[in-house]
Amino acid sequence: MTRYILRRLLQAVPLLLIITALLFILTGSLGDPLAAFGGERRRLQPEDRARLERQLGLDKPMVEQYLIWLVGNDWMKVDLNGDGILDSYGTRKGVVRGDFGNSFQEKRPAIEVIGERIGNTLLLMVASEIIVIILALLVGTYSALHQYSFWDNFITTLSFIGYSMPIFWLALMLIYIFGVNFQRWGLPALPTVGMYDLGIGPTVGQVLLHMILPLTALSVVSLASYSRYVRSQMLEVIHQDYIRTAYAKGLPEQMVLRGHALKNAALPLVTIVGLDMPLLLGGTVVTEAIFGWPGMGRLFYKASNAGDIPVTMGILLIIAVLVVVFQLITDIVYTYFDPRIRYE
Amino acid sequence: MLRKCSWIVLSVLVVAGVALSGCGSKPPAPGQAAPGQPPTLAPTTAPEPAKPAEPKQVTLGLTSNPESVNPMYTSTWYSQCVYELLLLPLWNIDDQGQYQMELAQELPTTANGGVSADGLNITLKLRKGVVWSDGEPVTADDVVFTYDMIMDDKNGVFSRYPFDTYVKSMTAADPQTVQIQLSSAYADWATSFFVKTSRVIPKHILQPVFDKDGTLDNADWNRTGDVTDGPYVLKEFVSDDHLTFDANDKYWRGRPNIDTLFIRIFADRQSQLAALQSGQIDIGSYIVGSEIPALKETNKFDILSSPNGYIVTIFMNIDPKTANPAMTDPNVRRAMALAIDRQLIIDKIYNGIYHIPATYWDKTIWDNPALQPYPYDPTQAKALLDAAGWKLGSDGVREKNGKKLELRYVYISGDETTDTMVVTFQQMLADVGIKLDIMPNTEEVLWASYSDNGQLPHGNYDLTQWSDGMWYFPSPSTSYFLCSERPSNDYPTGYNWFGICDQNLEKVWAVADTELDQQKRIDDYHQIEQIMYDQTYIIPIRSDPDVWAVSTSLKDVTFSGVDPLMFAYQWDVK
């Protein structure tokens with residue numbers, strides 16, 4: 001197993017190089033990062049544009065820009081003042097030494113910009129994932145065990161509605177019902193924006209209160225699909241011979257379900273959750289934007305729109321690394337659920 | 001059973017106890033005797049101290065993130081709102097063009113000797129008694145330091161203009177006097193030197209940072225803004241979420257009325273509107289016409305508007321090398337202007353909150369009062385197109401010499417009202433036989449540079465639109481329409497993406513931008529506007545003022561289109 005893990009980690013290095021190179025080229029093609037400097041109401045003077053292109057390294061070929069992003073330029077001389085003479089050493093250390101560069105928009109280290117958002121996104125996404133997994137297991141299992149009953153049909157209908165609902169529509173409806181109209185009707189309204197009330201501050205209660213609506217929006221759609229998945233897996237498993245044998249041996253239902261049925265039905269779910277884990281960090285653009293949640297999704301959307309290459313590449317690199325790592329973790333977790341699986 | 005009975009008995013006893021407790025005699029009020037007791041003097045107690053007044057708090061919404069506290073690095077409108085709360089300019093300018101002195105004692109002029117007769121030397125006297133929030137005085141050294149940092153190659157500042165073009169030297173003659181020497185006369189110096197988005201930064205805080213790091217690019221102060229001279233001090237900046245400002249006791253006008261000002265950042269206008277309607281914020285910015293009915297329905301908001309020198313206008317590619325031949329004909333351009341019912345668009349899409357501009361310098365002192373907006377006259381439009389040789393085809397689209405009058409309309413999409421407006425243009429132009437191919441795009445793609453094969457600099461379009469105006473409002477200057485600003489391989493950074501090259505315009509502009517006498521300059525700009533109007537080089541669609549929604553629980557809230565939050569120090573709660 002150790003050799004397997006080491007081999008996978010070594011294979012990840014060239015894989016990540018290829019991924020980052022492709023992403024860098026794609027990101028660089030998104031548009032002109034200097035086009036929106038100053039916003040709608042101000043344009044860069046030609047001299048300023050030329051200077052900023054030089055200072056940000058945007059005047060260099062794409063390959064050179066990628067290499068500087070990767071390994072830095074503090075080991076080579078650059079033309080700082082545009083006189084054509086290479087007179088100063090660069091200041092970039094490169095990603096391999098932990099320097100993701102400075103955000104073009106916020107003019108500070110990209111890793112700092114990203115780091116501020118990770119916690120906010122994980123808070124929302126992990127909470128949503130936990131709620132969805134627990135509820136999906138409960139709802140899916142109940143549905144499978146009471147196939148074609150009234151409640152199964154009811155849950156199935158709700159799942160299809162939930163799955164079909166566009167999340168932006170759901171988010172806006174939640175805001176208008178529980179935020180705007182509740183207040184109009186004299187009912188206690190739920191907060192619709194931000195992580196806490198600015199006048200009160202970031203208390204646990206405030207953050208939990210502000211999480212209600214975005215969590216609901218996130219969970220409804222995912223719960224619908226996960227619960228259907230669990231239901232179909234359970235239906236397949238509970239009709240297997242070993243389940244019938246377990247019942248015949250006189251085991252209580254709870255033990256049969258938890259110890260035998262769920263463990264086997266959960267194996268494909270582990271794959272889905274494992275694939276979802278790195279994407280949790282990407283956040284969700286729509287929900288974060290609508291609810292004003294300062295997370296990674298919103299940051300990624302804003303940065304990629306503005307051509308902020310350091311931030312965009314930083315986020316993509318982190319996600320790429322997490323995909324590789326979680327793929328490996330998923331493979332390892334398989335061996336727990338299915339002892340027949342072994343790696344050389 | 002026994003357990004159940006015990007609970008019942010216990011409950012009865014509790015209820016009885018509560019009921020009986022009300023039957024006892026009330027304790028005597030202070031000064032009164034208990035029954036059967038001689039009266040006693042009430043004990044003297046100090047009156048309860050008055051509760052401190054609740055701190056006054058106001059929350060303002062912005063629909064984009066201010067990127068930095070340091071004005072050297074960004075000049076977006078949103079960042080400007082932050083600067084105005086934290087950092088003082090030499091003077092603020094309201095939208096009537098009135099100067100309000102801040103750091104400067106008075107506006108230097110030739111009359112008061114502050115500006116030399118040739119316009120090349122400016123003596124700036126700073127106001128005494130202005131201090132930073134840590135008590136250090138604001139001096140001429142701070143002004144000179146700011147200039148030095150802007151000009152230093154080690155700082156990746158947003159723009160050095162106009163300092164790099166016009167300033168020869170800047171020195172501190174004494175702590176209250178700055179001496180500026182210009183390399184050439186610059187008529188707009190008063191609206192661009194350390195005003196609006198250009199502000200003075202604290203030397204005593206940032207010089208040590210520059211000495212240590214060799215740059216201010218990563219200075220903590222750029223995010224913390226913890227030493228300022230404006231009406232507020234920045235307490236917290238959470239990117240894409242909020243900023244918190246505390247009143248600055250050391251502000252030279254005195255502590256502002258509002259103790260704490262919050263700025264809440266929204267990703268889009270829908271979220272801001274919902275927050276306004278639910279009372280989570282007190283002031284909303286960049287309100288559009290479609291939001292006004294929903295706000296008025298709450299009866300909780302006043303809608304305020306500030307002209308800012310910006311209009312939404314259609315620009316056209318008339319470069320003979322790249323343009324559709326139809327666009328090079330001023331009669332075709334005039335026909336398009338006459339075919340669009342702009343008042344209908346303003347009334348139906350924007351709920352009537354804007355007006356139709358006549359010129360690029362709409363409602364400013366530079367605006368030519370003799371010019372009226374192009375009327376809506378589709379009959380005249382058709383006549384002009386017929387006279388220009390564009391005859392109506394069987395498919396309803398005009399053609400000439402076998403070529404259809406089909407035009408590409410590129411614009412920045414994403415805003416529903418803009419999208420609706422453009423589709424309306426398409427229909428109105430179709431009614432006179434012009435087919436419009438709509439091509440929506442993002443800012444970064446639409447405004448990509450010549451070097452990045454940008455659509456606009458390379459003339460791969462026929463019409464486009466955005467909100468634009470005087471970049472250095474209230475200064476009228478713009479380089480958009482000059483022949484020399486057409487982009488090319490030799491000059492890829494030129495901004496004249498429209499191919500306009502009019503020798504009459506060039507002659508007047510060359511005079512206007514060096515004219516120091518304001519009235520003469522106004523006359524020059526009237527001539528410029530007449531030429532542009534006659535040639536229909538642009539089609540102004542609507543005004544684009546700053547529109548704010550202000551809670552009726554606030555008072556004394558006013559704005560300026562030049563310096564939006566310049567009056568924040570006087571805002572108050574009712």
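In this text the structure is predicted, and so the values were computed from the model without any measurement.

1. Some details on the overall build of chain A
Helix and strand counts for chain A stand at 12 helices and two strands. The linear arrangement of helices and strands in chain A, starting from the amino end, is α-α-α-β-β-α-α-α-α-α-α-α-α-α. Its C-alpha atoms put chain A at 85 × 65 × 35 Å along the principal axes. Residue burial in chain A is summarised as follows: out of 344 residues, 48% are buried.

2. Regarding the overall build of chain B
A count of helices and strands for chain B gives 15 helices and 22 strands. Expected size for 574 residues packed as a compact globule is a radius of gyration near 25 Å; at 31 Å, chain B overshoots this value by more than 25%. For chain B, the C-alpha atoms occupy an extent of roughly 115 × 75 × 45 Å along the three principal directions. Intrachain contacts of chain B at a sequence separation of at least 6 include 66% that bridge at least 24 residues. When the accessible surface of chain B is totalled, it reaches about 23,900 Å², and 52% of it is carbon and sulfur.

3. Describing the packing of helix α5 (residues 150-164) of chain A against helix α7 (residues 204-238) of chain A
Residues and elements named next belong to chain A. At a minimum axis separation of 8 Å, α5 and α7 run at an interaxial angle of 135°. One element, α5, and the other, α7, form an angle in the oblique class. Between α5 and α7 the crossing geometry is left-handed. Residue-level contacts link Asp152, Thr156, Ser159, Gly162 and Tyr163 of α5 to Val220, Val221, Ala224, Ser225, Ser227, Arg228 and Arg231 of α7.

4. Notes on the interface of chain A and chain B
Contact residues are listed per partner, giving 56 residues for chain A and 67 residues for chain B. Where chain A packs against chain B, one counts five salt bridges. Here Asp240 of chain B makes a salt bridge to Arg298 of chain A, at a shortest N to O gap of 3.9 Å. At the level of secondary structure, the elements contributing two or more residues to the side of chain A that touches chain B comprise α2 (46-55), α4 (110-145), α6 (167-184), α10 (285-290) and α11 (296-305) of chain A. Of the residues assigned to the side of chain A that touches chain B, the class counts are 22 nonpolar, 16 polar and 18 charged.

5. Observations regarding the nonpolar core
If you look at the biggest cluster of nonpolar residues, it comprises 201 residues, and the most contacted ones within it are Trp91, Met170, Phe193, Phe245, Ile283, Phe481 and Trp571 of chain B. Apart from residues lying up to four places away in sequence, Phe245 of chain B is in contact with Val82, Leu85, Leu86, Tyr232, Val233, Leu234, Lys235, Asp259, Thr260, Leu261 and Ile263 of chain B. In this structure, Ala136, Ala144, Ile243 and Ala261 of chain A belong to the second largest nonpolar core, which totals 16 residues.

6. Notes on the pattern of salt bridges
As enumerated under the stated definition, the model contains 38 salt bridges over all chains in all. The shortest N-O distance in the salt bridge between Asp241 of chain A and Arg244 of chain A comes to 3.1 Å. Highlighted residues: Asp241 of chain A and Arg244 of chain A, both in helix α8 (residues 241-248), separated by three residues, approximately one helical turn. Overall, the relative accessible area of 55% leaves Asp241 of chain A in the exposed class. A residue is classified by how much of its surface remains accessible, and Arg244 of chain A, at 51% relative accessible area, is exposed. Here Asp563 of chain B and Arg199 of chain B are joined by a salt bridge, their closest N and O atoms 3.5 Å apart. Taken together, the positions of Asp563 of chain B in the loop between β21 (554-555) and β22 (572-573) and Arg199 of chain B in the loop between β6 (177-182) and α5 (203-213) put the pair 364 residues apart, joining distant regions of the chain.

7. A short note on unusual backbone geometry
Residues and elements named next belong to chain B. For the bond running from Tyr161 to Pro162, omega is 0°, close enough to zero to count as cis. Within the secondary structure layout, Pro162 lies in the loop between α3 (140-151) and α4 (163-166). Its identity as a non-glycine residue notwithstanding, Phe194 has a phi of 55°, on the positive side. Tracing the chain through its elements places Phe194 in the loop between β6 and α5. Here the phi dihedral of Asn401 falls at roughly 50°; this positive angle occurs in a residue that is not glycine.

8. Points about the sheet that holds strand β14 (residues 398-400) of chain B
Residues and elements named next belong to chain B. What the three strands build is an open sheet, ordered β13-β14-β15; its pairing is antiparallel. With partners counted over all chains shown, the strands left at the sheet margins are β13 (391-392) and β15 (403-404), one partner each. Pairing between β14 and β15: two bridges, direction antiparallel. Paired with Glu399 across the two strands is Lys404, which belongs to β15.

9. A few points about helix α3 (residues 62-71) of chain A
Residues Gln65, Tyr66, Ile68, Trp69 and Leu70 of chain A constitute the buried set of α3 of chain A. Positive phi shows up at Gly72 of chain A, right after α3 of chain A, with a value of about 90°.

10. Observations concerning the environment of Leu123 of chain A
For Leu123 of chain A, the location among the structural elements is in helix α4. The residues touching Leu123 of chain A, leaving out its near neighbours within four places in the chain, are Met195, Val207, Met211 and Trp293 of chain A.

11. Considering the confidence of the model for chain A
Predicted confidence across chain A gives a mean pLDDT of 85, with 95% of residues reaching 70 or more. The weakest mean pLDDT in chain A belongs to helix α9 (residues 253-280) of chain A at 76; the strongest belongs to α3 of chain A at 92.

12. A few points about the environment of Leu170 of chain A
Residues and elements named next belong to chain A. Take Leu170: it is sitting in helix α6. Spatially, the C-alpha atom of Leu170 lies 33 Å from that of Ser103, the residues being 67 residues apart in sequence. With sequence-adjacent residues up to four places away left out, Leu170 is seen in contact with Met165, Ala217 and Val220.

13. Thoughts on the side chain of Thr464 of chain B
Residues and elements named next belong to chain B. Of note, Thr464 is situated in strand β18 (residues 463-469). The buried category is assigned to Thr464, whose relative accessible area is 0%. Polar contacts involving the side chain of Thr464 include one to the main-chain carbonyl oxygen of Val410, which spans 2.8 Å.

14. Let's talk about the state of the cysteines
All names here are of chain B. This structure, assessed with the given rule, holds one disulfide over all chains. Covalent S-S linkage joins Cys483 and Cys501, the inter-sulfur distance amounting to 2.0 Å. On the sign convention where negative is left-handed, the bridge of Cys483 and Cys501, at about 105° about the S-S bond, is right-handed. Linking Cys483 in the loop between β18 and α14 (503-512) with Cys501 in the loop between β18 and α14, this pair joins segments that are 18 residues apart in sequence. Take Cys501: its relative accessible area is 31%, and that puts it in the partly exposed class.

15. Observations concerning the pairing of strand β17 (residues 435-441) of chain B
Residue and element names in this part refer to chain B. As paired strands, strand β16 (residues 406-412) and β17 are joined by seven bridges and run parallel to one another. From the neighbouring strand, Glu406 faces β17, where its bridge partner is Lys435. Viewed along the sheet, the connection from β16 through helix α12 (residues 416-431) into β17 turns out right-handed.

16. Quick look at a negative patch on the surface
Together, Asp134, Glu136, Asp220 and Asp226 of chain B make up a negatively charged patch on the protein surface. Residue placement: Asp226 of chain B occurs in the loop between α6 (221-224) and β7 (232-238).

17. Some remarks on the packing of aromatic side chains
Considering all chains together, one arrives at 46 aromatic pairs over all chains under this definition. The aromatic ring of Phe160 of chain A is capped on one face by Arg228 of chain A, whose charged end is 5.4 Å from the ring centroid. One Lys or Arg, Arg127 of chain B, reaches over the ring of Trp252 of chain B and ends 3.8 Å from the middle of that ring.

Conventions and cut-offs
- Residues numbered from 1 in each chain as written.
- Chains lettered and ligands numbered in written order.
- Predicted model: local features only at pLDDT ≥ 70, side-chain atom pairs only at ≥ 80, totals over all residues.
- Heavy atoms only, no water.
- Helix = DSSP H or I, 4+ residues; strand = E, 2+ residues; numbered from the N terminus.
- Buried < 20%, exposed > 50% of the residue type's maximum accessible area, 1.4 Å probe, protein only.
- Rg over C-alpha atoms; globule rule 2.2 N^0.38 Å.
- Contact = heavy atoms within 4.5 Å.
- Areas by Shrake-Rupley, 256 points an atom, 1.4 Å probe, with all protein chains shown as cover.
- Axes fitted to C-alpha atoms, helices over the stretch in contact; angles between N-to-C directions.
- Parallel < 35°, antiparallel > 145°, perpendicular 65-115°, else oblique.
- Left-handed = near helix turned anticlockwise from the far one by under 90°.
- Salt bridge = Lys/Arg side-chain N within 4 Å of Asp/Glu carboxyl O.
- Nonpolar A, V, L, I, M, F, W, Y, C, P; charged D, E, K, R; others polar.
- Core = buried A, V, L, I, M, F, W, Y, C linked by side-chain atoms within 4.5 Å.
- Pairing = 2+ DSSP bridges.
- pLDDT = per-residue confidence, 0-100.
- Polar contact = N/O pair within 3.5 Å; in protein donor to acceptor, adjacent residues only side chain to side chain.
- Disulfide = S-S within 2.5 Å.
- Right-handed = clockwise from strand over helix to strand, strands pointing away.
- Patch = residues over 30% accessible without salt bridge, like charges linked within 9 Å, V, L, I, M, F, W, Y side chains within 5 Å.
- Lys, Arg positive; Asp, Glu negative; His and termini not counted.
- Charge placed at Lys NZ, Arg CZ, Asp CG, Glu CD.
- Phe/Tyr/Trp six-rings, centres within 6.5 Å; stacked < 30°, edge-to-face > 60°.
- Lys NZ or Arg CZ within 6 Å of the ring centre and 35° of its normal.

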